[in-house]
Amino acid sequence: MSESERFDWPTRIHQVLGRCGVRQVAYVPDTGHKRLIELCSEDRGMRAIPLTTEEEGIGLLAGAWLGGERGTLLMQSSGVGNCVNAIASITQACRFPLFLLITMRGESGESNPWQVPMGRATAPVLETLGVALTTVDHPHEVEAAVASMAARSFEGGAAAGVLLSQRLIGTKVFRE
Amino acid sequence: MSGSRSNRLDRRAAVTELVRDRGALLVVSGLGGTTWDLASAGDHDLNFYLWGGMGSAVPMGLGLALAQPRRRVLVVTGDGEMLMGLGALATVAVQAPANLAIAVIDNERYGETGDQLTHTAQGSDLAAIARAAGIPDAVTLVDGAGLEAFRDKLHAAQGPIVAVVKVGQDNAGMVLPPRDGVHLRQRFRRCLLGDEAG
């Protein structure tokens, strides 16, 4: 059994989200989020909300907060680029809490060169926008990292995110 | 292409009609013209005015409607703002919140930036796009009777519902609501949630 299987980190994330009272789980699918999306979709206490682009998630979660519900946005690192203005002009201008769970592409081991530039830009872009970040490389670190950043967001009223690295989730294989 | 402009509705009168006797209605406005229109109809703690984040009015209304299923939610936005986030109509269709109404105040212009033509002046039909996105109850309104009917429907109908309200191109001028986003957020939450707002 691999370390990933032993720690079953998607289930740990789902449990943390449940404990935090997260109700709206917005997402643009990514392979790394596949299991978590399934868990949230099956959870009657949560509403899984597929988006056409990640940017919708920023406005959606601000609206959820206005209405008294907590939410999170699951996406791949490429999606961060689609959210920039909304994070600046809505989340930060109004100081809405924001909680992002981001699976990384474009790190070491990435075999699609088109993924590399945005992967490299992901953390700097979010930091420039004032989003607090932590990176997770190992399955046993996931639960604590997600819980701490969720608290920073929902209790601290901040924009915060967890970067789930390719070391954690594995790299995509391109093969004919 | 867009037909006679002589009988277009007045945007201020149209938005005033939409929020008439609003009761417990929650309202989100898109940045620019529709924020001025909503402010002109009377400031309210349960108005959330966007001053930025173009394209986000409908997603914000959706998140709010899902969080508050027992309250009615109205998004009032412009054609330019709606065009920037068309995918959100498909996202709304999938969630199908019964309590969400979207009114697009369509002057076929980017009124804040020099009245450049939007795509709706040149053939794009937002009501047809909304229907094709999966929201069957999406109509174009060109007169007061249609508007009045939509106003009644947004308090009663099984949503989501969309109305594209064709209005004239007169620039109605700015009516400025509070522009501090933190204040707007907090006063909305306090009014809606009371002590739970924190």
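It should be noted that the structure appears before, not after, this text.
Participant: Explain the overall build of chain A to me, please; I cannot follow it from the model alone.
Facilitator: Helix and strand content of chain A: nine helices and six strands. Taking 16 Å as the expected radius of gyration for a compact globule of 176 residues, we find that chain A reaches 15 Å, a close match to that expectation. Along the first, second and third principal axes, the C-alpha atoms of chain A reach 45 × 30 × 25 Å. Split into buried and exposed, the 176 residues of chain A put 50% on the buried side. Within chain A, counting contacts between residues at least 6 apart in sequence, those at least 24 apart form 75% of the total.

Participant: Which parts of the structure should I look at to understand the overall build of chain B?
Facilitator: A count of helices and strands for chain B gives eight helices and eight strands. Scaling as 2.2 N^0.38, a compact globule of 198 residues should have a C-alpha radius of gyration of about 16 Å, and chain B matches this with 15 Å. Its C-alpha atoms give chain B principal-axis dimensions of about 50 × 35 × 30 Å. When contacts within chain B are restricted to residue pairs at least 6 apart in sequence, long-range pairs at least 24 apart make up 75% of them.

Participant: So what exactly am I meant to see when it comes to the pairing of strand β1 (residues 26-29) of chain B here?
Facilitator: The side chains of a regular strand alternate, residue by residue, between the two faces of the sheet. All names here are of chain B. Of the two faces of β1, the one carrying Leu26 and Val28 and the one carrying Val27 and Ser29 are both buried. For β1 and strand β3 (residues 73-78), the ladder comprises four bridges, and the chain directions are parallel. In the sheet register, Leu26 faces β3, and the bridge partner there is Val73. Strand direction decides the pairing type here: β1 and strand β2 (residues 47-49), joined by three bridges, are parallel. Considered in β2, the bridge of Val27 is made with Asn47. Crossover connection from β1 via helix α2 (residues 33-40) to parallel β2: handedness right-handed.

Participant: Just checking my understanding: could you explain unusual backbone geometry for this structure?
Facilitator: In the segment running from Gly159(B) into Pro160(B), the intervening peptide bond is cis, with an omega of 0°. Among the structural elements, Pro160(B) can be located in the loop between α7 (144-153) and β8 (161-166). Although it is not a glycine, Arg95(A) adopts a positive phi angle of roughly 50°. For Arg95(A), the position within the fold is in the loop between α6 (84-92) and β4 (98-103).

Participant: Explain the interface of chain B and chain A to me, please; I cannot follow it from the model alone.
Facilitator: Quite often, the size of an interface is put as the accessible area lost when its parts meet. Contacts between the two partners involve 30 residues from chain B and, on the opposite side, 29 residues from chain A. Taken together, the elements giving at least two residues each to the side of chain B that touches chain A come down to α3 (57-67), α5 (87-95) and α8 (181-193) of chain B.

Participant: Honestly, the pairing of strand β4 (residues 100-106) of chain B in this entry has me stumped. Any pointers?
Facilitator: Residue and element names in this part refer to chain B. Judged by how many residues are buried, β4 sits mostly within the fold: seven of seven residues are covered. Neither face of β4 is exposed, since Leu100, Ile102, Val104 and Asp106 on one face and Ala101, Ala103 and Ile105 on the opposite face are all buried. Pairing analysis gives six bridges linking β3 to β4, with the strands arranged parallel. Paired with Val76 across the strands is Ala103, a residue of β4. With six bridges joining them, β4 and β8 adopt parallel strand pairing. Paired with Asp106 across the two strands is Lys166, which belongs to β8.

Participant: Before we go on, may I ask you to explain the sheet that holds strand β5 (residues 132-136) of chain A in this structure?
Facilitator: Adjacent strands of a sheet pair through backbone hydrogen bonds, lying either parallel or antiparallel. Residue and element names in this part refer to chain A. Taken in spatial order, the six strands line up as β2-β1-β3-β4-β6-β5 in an open sheet, and their pairing is parallel. In this open sheet, the two strands that pair with only one neighbour each are β2 (47-50) and β5. Each adjacent strand pair in this sheet contributes to an overall mean axis angle of 20°, direction not counted. Sheet analysis places strand β1 (residues 22-27) next to β2, joined by four bridges and oriented parallel. Of the residues in β2, the one forming a bridge with Val25 is Ala48. Against the sheet, helix α7 (residues 116-128) makes contact with β4, β5 and β6 (159-164), and its axis sits at roughly 155° relative to β5, the strand it touches most.

Participant: Would you mind showing me how to read the packing of helix α2 (residues 9-19) of chain A against helix α3 (residues 34-42) of chain A here?
Facilitator: Each packed pair of helices is defined by two parameters, the angle between the axes and the distance between the axes. Residue and element names in this part refer to chain A. The contact between α2 and α3 brings their axes to 9 Å, and the two run at 40°. Taken together, α2 and α3 sit at an angle that is classed as oblique. Crossing geometry of α2 relative to α3 is assigned as right-handed. Note on element contacts: α3 touches α2 through Arg35, Leu36, Leu39 and Cys40, opposite Pro10, Thr11, Ile13 and His14. A class-by-class count of the residues in the contact of α2 with α3 yields five nonpolar, two polar and one charged.

Participant: I would appreciate a short explanation of the sheet that holds β4(B) in the present structure.
Facilitator: Residues and elements named next belong to chain B. Sheet architecture is open: six strands sit in the order β2-β1-β3-β4-β8-β7, paired in parallel fashion. Looking along the sheet, the strands with just one partner apiece sit at the ends: β2 and β7 (138-141). If you compare each strand with its neighbour and ignore which way they point, the axes differ by 15° on average. The sheet strands contacting α2 are β1, β2, β3 and β4, and the helix crosses β3 at an angle near 130°.

Thresholds applied
- Residues numbered from 1 in each chain as written.
- Chains lettered and ligands numbered in written order.
- Predicted model: local features only at pLDDT ≥ 70, side-chain atom pairs only at ≥ 80, totals over all residues.
- Helix = DSSP H or I, 4+ residues; strand = E, 2+ residues; numbered from the N terminus.
- Rg over C-alpha atoms; globule rule 2.2 N^0.38 Å.
- Buried ≥ 20, exposed ≤ 12 C-beta atoms within 10 Å, placed from the backbone.
- Contact = placed C-beta atoms within 7 Å.
- Pairing = 2+ DSSP bridges.
- Right-handed = clockwise from strand over helix to strand, strands pointing away.
- Axes fitted to C-alpha atoms, helices over the stretch in contact; angles between N-to-C directions.
- Parallel < 35°, antiparallel > 145°, perpendicular 65-115°, else oblique.
- Left-handed = near helix turned anticlockwise from the far one by under 90°.
- Nonpolar A, V, L, I, M, F, W, Y, C, P; charged D, E, K, R; others polar.

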